[in-house]
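Now for the letters of each chain:
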Amino acid sequence: MKERMAHGDGGNGGHHHGNDHRHGGRRHHGHGHGHHHGISGAGGGVGGYGRAFAIGTALNLGFVAVEGAAGFLSGSLALLADAGHNLGDVLSLLLAWGGAWLSLRRPTPRRTYGFRRSSILVALANAVILLIAVGAILLEAIRRFAEPEPAAGGIVMAVAGAGILVNAATAWLFAAGRHGDVNVRGAFLHMAADAAVSLAVVLAGLGIALTGRQWIDPAMSLLVAVVITVGTWRLLRESVNLALDAVPEGIDRDAVETYLARLPGVTEVHDLHIWGMSTTETALTAHLVRPAAEIDDAFLARVGEELHIRFGIAHATVQIENGGEAADPCRLAPAHVV
């Protein structure tokens, strides 16, 4: 076996490796890595959002304490119940924070990809938690249609107004990253949903105070449930797809295959797989047939770099096959074989 490795600096503070192995003069393997050590966002730390998670958690814990104290002093079960709900959302924030932190842990001999996939699992868990919350809102709305309750009192509306500010501010901390990281989107949706619920409490209280119509409260709850469901559906769909190793959204598989097929000397591309290693990092494996190809570190390094720049694929592993009549056919060449 003949083995050589070429190293070159990749973009975004990452690194690329061109790693070639020749077996019987027929096959070479190459690895191109461009690891993202963090995503841009509100502060450094975990995935670029450590400060956002810390500030958001502190704000919401403080609000839970104030809301719980106000509920206890006023004897308001509504405020105590909402404090419990907001405490659950703090736990969801901590869950997202933990997933982001685990995804940056170094690989181990047993977990060769590290804990990157934990961010996908957390995003999926947060989507499920949001939908469970929607179910609770729907049940409460139905109950209140059947058994109308008095409008929210002044203290309840005042605390709900403070909740709008706290939750909206926390959502804003994650707003910039919600498009590029499913885990961050889950945190954003949780906080935005809480802000919407608090706004509904205030508007329903005002509406009932002005009109005396008790049905406004459950009707507003139903509207909030619909809004949360619409926002959560994409999060659930994308996190499930990532958990099942689907091609991440934003990456055109056909375009990647076309690029690889048009590389110099390549006559065939097969066994192409593209999947999310985490909510921010994408991996690829592929076999390229290059008849009479020699070991070429520069070729593999260039492929890894261009996959990173063009498609955002950070971890590419490419196997080169000579093909030809004398070569054994690759057992992974058929499209239906995984």
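The notes below deal with the structure included here. (Residues numbered from 1 in each chain as written. Predicted model: local features only at pLDDT ≥ 70, side-chain atom pairs only at ≥ 80, totals over all residues. Heavy atoms only, no water.)

1. A few points about the nonpolar core
- In terms of nonpolar packing, the biggest core is built from 35 residues, with Phe53, Phe174, Ile228 and Leu235 touching the most fellow members.
- Only α1 (50–74), α2 (77–102), α3 (118–146), α4 (154–175), α5 (182–211) and α6 (216–243) provide two or more residues apiece to this core.
- If one sorts the elements of this core by residue count, α5 sits on top with 10 residues.
- The contacts of Phe53, once residues within four sequence positions are left out, are Leu93, Ala96, Trp97, Ala100, Phe174 and Ala187.
- Leu260, Val269, Ile274 and Ala316 belong to the second-largest nonpolar core, a separate cluster that totals 21 residues. (Core = buried A, V, L, I, M, F, W, Y, C linked by side-chain atoms within 4.5 Å. Buried < 20%, exposed > 50% of the residue type's maximum accessible area, 1.4 Å probe, protein only. Helix = DSSP H or I, 4+ residues; strand = E, 2+ residues; numbered from the N terminus. Contact = heavy atoms within 4.5 Å.)

2. Describing unusual backbone geometry
- Positive phi outside glycine occurs at Asp245, with the angle close to 65 degrees.
- Residue placement: Asp245 occurs in the loop between α6 and α7 (253–261).
- Notably, Asp271 is not glycine yet its phi reads approximately 50 degrees, a positive angle.
- Tracing the backbone shows Asp271 in strand β4 (residues 268–276).

3. Things to note about the pattern of salt bridges
- This model, assessed by the stated rule, comprises 10 salt bridges.
- The shortest N-O distance in the salt bridge between Arg143 and Glu147 comes to 3.7 Å.
- Within the structure, one salt-bridge network assembled from shared partners comprises Arg185, Arg234, Arg237, Glu238 and Glu249. (Salt bridge = Lys/Arg side-chain N within 4 Å of Asp/Glu carboxyl O.)

4. Looking at the packing of aromatic side chains
- Summed over the entire model, instances satisfying the criterion amount to three aromatic pairs.
- Ring centres of Phe53 and Trp97 lie 6.0 Å apart, and the angle between their planes is 10 degrees; this geometry places the pair in the stacked category. Of this pair, Phe53 sits in helix α1 while Trp97 sits in helix α2, placing them 44 residues apart in sequence.
- Using a relative accessible area of 1% as the deciding quantity, one classes Phe53 as buried.
- Its relative accessible area of 26% is what places Trp97 among the partly exposed residues. (Phe/Tyr/Trp six-rings, centres within 6.5 Å; stacked < 30°, edge-to-face > 60°.)

5. Looking at the environment of Ala100
- If you trace the backbone, Ala100 turns up in helix α2.
- With relative accessibility at 11%, the residue Ala100 sits in the buried group.
- A C-alpha to C-alpha distance of 9.9 Å links Ala100 and Thr280, two positions 180 residues apart in sequence.

6. Description of the environment of Gly265
- Following the sequence through the fold, Gly265 ends up in the loop between α7 and β4.
- Gly265 sits in the partly exposed class, given a relative accessible area of 47%.
- Expressed as a C-alpha distance, the spacing of Gly265 and Leu288, which sit 23 residues apart in the sequence, is 9.4 Å.
- For Gly265, the residues in contact, after removing those within four places along its chain, are Val289, Arg290 and Pro291.

7. Section: α7
- Here α7 has its buried residues at Val256, Tyr259 and Leu260. Seen end-on, α7 carries its buried residues on one side only, within an arc spanning 95 degrees.
- The distance from a side-chain oxygen at the start of α7 to the backbone nitrogen of Asp254 is 3.0 Å, and the residue carrying that oxygen is Asp252. (Arc of directions from axis to C-beta. Polar contact = N/O pair within 3.5 Å; in protein donor to acceptor, adjacent residues only side chain to side chain.)

8. Side note on the packing of α7 against helix α8 (residues 297–311)
- The contact between α7 and α8 brings their axes to 12 Å, and the two run at 150 degrees. The angle between α7 and α8 falls in the class roughly antiparallel. Here α7 and α8 pass one another in a crossing that is right-handed. Contact with α7, carried on its side by Ala255, Val256, Tyr259 and Leu260, involves Arg302, Val303, Glu306, Leu307, Arg310 and Phe311 of α8 and no other residues of that element.
- A class-by-class count of the residues in the contact of α7 with α8 yields seven nonpolar, no polar and three charged. (Axes fitted to C-alpha atoms, helices over the stretch in contact; angles between N-to-C directions. Parallel < 35°, antiparallel > 145°, perpendicular 65-115°, else oblique. Left-handed = near helix turned anticlockwise from the far one by under 90°. Nonpolar A, V, L, I, M, F, W, Y, C, P; charged D, E, K, R; others polar.)

9. Structural notes on the side chain of Glu67
- Along the chain, the position of Glu67 falls in helix α1.
- With relative accessibility at 1%, the residue Glu67 sits in the buried group.
- Once residues within four sequence positions are removed from consideration, Glu67 is found in contact with Leu79, Asp82, Ala83, Asn86 and Val159.

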